[in-house]
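# Inside the fold
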Amino acid sequence: MTIRVKFTNHEISQCRQAAMGRWQLARVSGIVNQRKDGGRDDYTIDFIGVKAEIAVSKVLKIDYSPHSLGVDDGADLYESDVSIDVKATFHKNGKMLFKSIDSFKADICVLVVSPYDENEATVVGWMTKSKFKEKAKIVDLGHGNCFVVEQHELLDLRDLWVGLTKKRLGE
């Protein structure tokens, strides 16, 4: 099951502001974006990333502020001590992608299709770190080898929502 999230003009404005802040902080700090997409600039990558993080926070009812600055530790969101990495892709059939297995640092990862020019995003699925290690295939998408899982192999969002809700309620 996928979930399409529509954004208000205010939320898109927050995405733009947060993406610009992240871009400026990275530039001043000398942090190099590790993106594999050479056709888009850092601001655009940050923008769709923030949009994806907001989408996941809305779907999973997680408290989130796009204006938190600093380099993350491999997790974009937390719920009840469960760390969540949000991966965004521009591509309708985009894959959950990590440059290495060790790059998957969070407990789980959620994939979001987040086109740049639309006021919406689609949360498509999720995977635990252990399941990703089991399912990932090594592929070269034109920028060197990476580890990917296709969308149809991702886990159902309903299971994640139920699991996180139970944790939140102390069950």
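Further up the page is the structure itself.
Since the structure is predicted, the reported quantities are computational estimates derived from the model, not experimental observations.

## Quick look at the pairing of strand β6 (residues 120–128)
- Counted residue by residue, β6 has 7 buried out of 9 residues, so it is predominantly covered.
- In the sheet, strand β1 (residues 3–6) pairs with β6 via 4 bridges, with the strands oriented antiparallel. Across the sheet, Lys6 pairs through a bridge with Glu120, a residue of β6.
- Hairpin connection of strand β5 (residues 108–113) to β6: 6 residues between the antiparallel strands.

## Observations regarding the sheet that holds strand β4 (residues 96–98)
- Reading across from one edge, β4-β8-β7 is the order of the 3 strands in this open sheet, with antiparallel pairing throughout. Two strands lie at the open edges of the sheet, namely β4 and β7 (137–140), each paired on one side alone. In this sheet, neighbouring strand axes are inclined to one another by 40° on average, regardless of whether the strands run parallel or antiparallel.
- In the sheet, β4 pairs with strand β8 (residues 145–149) via 3 bridges, with the strands oriented antiparallel. By the bridge assignment for β8, Phe98 is matched with Phe147.

Criteria and cut-off values
- Residues numbered from 1 in each chain as written.
- Predicted model: local features only at pLDDT ≥ 70, side-chain atom pairs only at ≥ 80, totals over all residues.
- Heavy atoms only, no water.
- Buried < 20%, exposed > 50% of the residue type's maximum accessible area, 1.4 Å probe, protein only.
- Helix = DSSP H or I, 4+ residues; strand = E, 2+ residues; numbered from the N terminus.
- Pairing = 2+ DSSP bridges.
- Axes fitted to C-alpha atoms, helices over the stretch in contact; angles between N-to-C directions.

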